[in-house]
Amino acid sequence: MEMTMTVEEQKSRTARSYKLILLFSMVSMTMMFAGLTSAFVVSKSRVDWLKDFQLPTAFYWSTLAIIGCSATFHLAKKAIMKDDQGKTTLFLLTTLALGILFVVLQFLGFRQIVDQGYFFTGSGSSITTTFLYVVTVVHLIHLAGGVLALLIIIYNHFKQKYNSSQTLGIELGAMYWHFLDILWVYLFLFLYFFK
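A brief structural summary. (Residues numbered from 1 in each chain as written. Predicted model: local features only at pLDDT ≥ 70, side-chain atom pairs only at ≥ 80, totals over all residues. Heavy atoms only, no water.)

**Comments concerning the layout of surface pockets**
Reasoning step 1: Taken as a whole, the largest pocket spans an internal volume of roughly 160 Å³.
Reasoning step 2: Elements with a contribution of two residues or more to the lining of the largest pocket: helix 1 (7–43) and helix 5 (168–193).
Reasoning step 3: Among the elements that take part in the lining of the largest pocket, helix 1 stands out by supplying 6 residues, more than any other.
Reasoning step 4: Of the residues that constitute the lining of the largest pocket, the class distribution is 2 nonpolar, 5 polar and 4 charged. (1 Å grid on protein atoms, 1.4 Å probe; cavity = no way out; pocket = protein on both sides within 12 Å on 5 of 7 lines; lining within 4 Å. Points joined across faces, edges and corners; volume = space filled by probe spheres on them. Helix = DSSP H or I, 4+ residues; strand = E, 2+ residues; numbered from the N terminus. Nonpolar A, V, L, I, M, F, W, Y, C, P; charged D, E, K, R; others polar.)

This is the structure in structure tokens:
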């Protein structure tokens, strides 16, 4: 007995599959960052650990920028569900601008750390700043994937591929950006409280 699926059932199954794949990816990324933060905690007992190190102020601002990304991506998703193409465009482009601002602020934070006399590699480095650098750069690499996905979503949006009945790309993008947001807030709070 052969069963056939309707177009809607096929779309629903495809959407669930893509979301599950993304979820598995996010779980594996979470495990990687859990390992990095565990190594950070273990390394705090080293005698060369910087006890008075302060996070750069640019990291505080970058945290606000990435929270803004999450909010504007959510608003883009809500707008496309109402077939409001104009607001969707506005919120997607705002998300992109805030994502780029986040990256710029991260590099400004690196500059502030170096200006304080701390280095990430070489003889002038410390294990504290090297860990900070590794954790932040790994997050930035994942963010680069998010920016690339966002650019594809914006391109598809301008090609009119999204509407209230076809939101999968924007939904997946929003899921990933919310994950990046939560991940950075966790990392920021971790680095702030576990110096």
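**Quick notes on the nonpolar core**
Across soluble globular proteins, nonpolar side chains have a tendency to be buried as a group.
Reasoning step 1: The biggest cluster of nonpolar side chains holds 54 residues, and the ones touching the most others in it are F73, L92, L143 and W177.
Reasoning step 2: Among the elements of the structure, helix 1, helix 2 (57–81), helix 3 (85–115), helix 4 (127–158) and helix 5 are those that each provide at least two residues to this core.
Reasoning step 3: By residue number, the principal contributor to this core is helix 5, which donates 14 residues. (Core = buried A, V, L, I, M, F, W, Y, C linked by side-chain atoms within 4.5 Å. Buried < 20%, exposed > 50% of the residue type's maximum accessible area, 1.4 Å probe, protein only.)

**Re helix 2**
Reasoning step 1: Over its 25 residues, helix 2 runs 37 Å from end to end, which matches the ideal 36 Å to within 8%, given 1.5 Å per residue.
Reasoning step 2: D83 occupies a position one or two residues after helix 2 and carries a positive phi of about 60 degrees. (Expected span 1.5 Å × (residues − 1).)

**Some thoughts on unusual backbone geometry**
Reasoning step 1: Although it is not a glycine, D83 adopts a positive phi angle of roughly 60 degrees.
Reasoning step 2: Assignment of secondary structure puts D83 in the loop between helix 2 and helix 3.
Reasoning step 3: For Q160, which is not a glycine, the phi torsion comes out positive at approximately 65 degrees.
Reasoning step 4: Tracing the chain through its elements places Q160 in the loop between helix 4 and helix 5.
Reasoning step 5: The exposure class of Q160 is exposed, given its relative accessible area of 54%.

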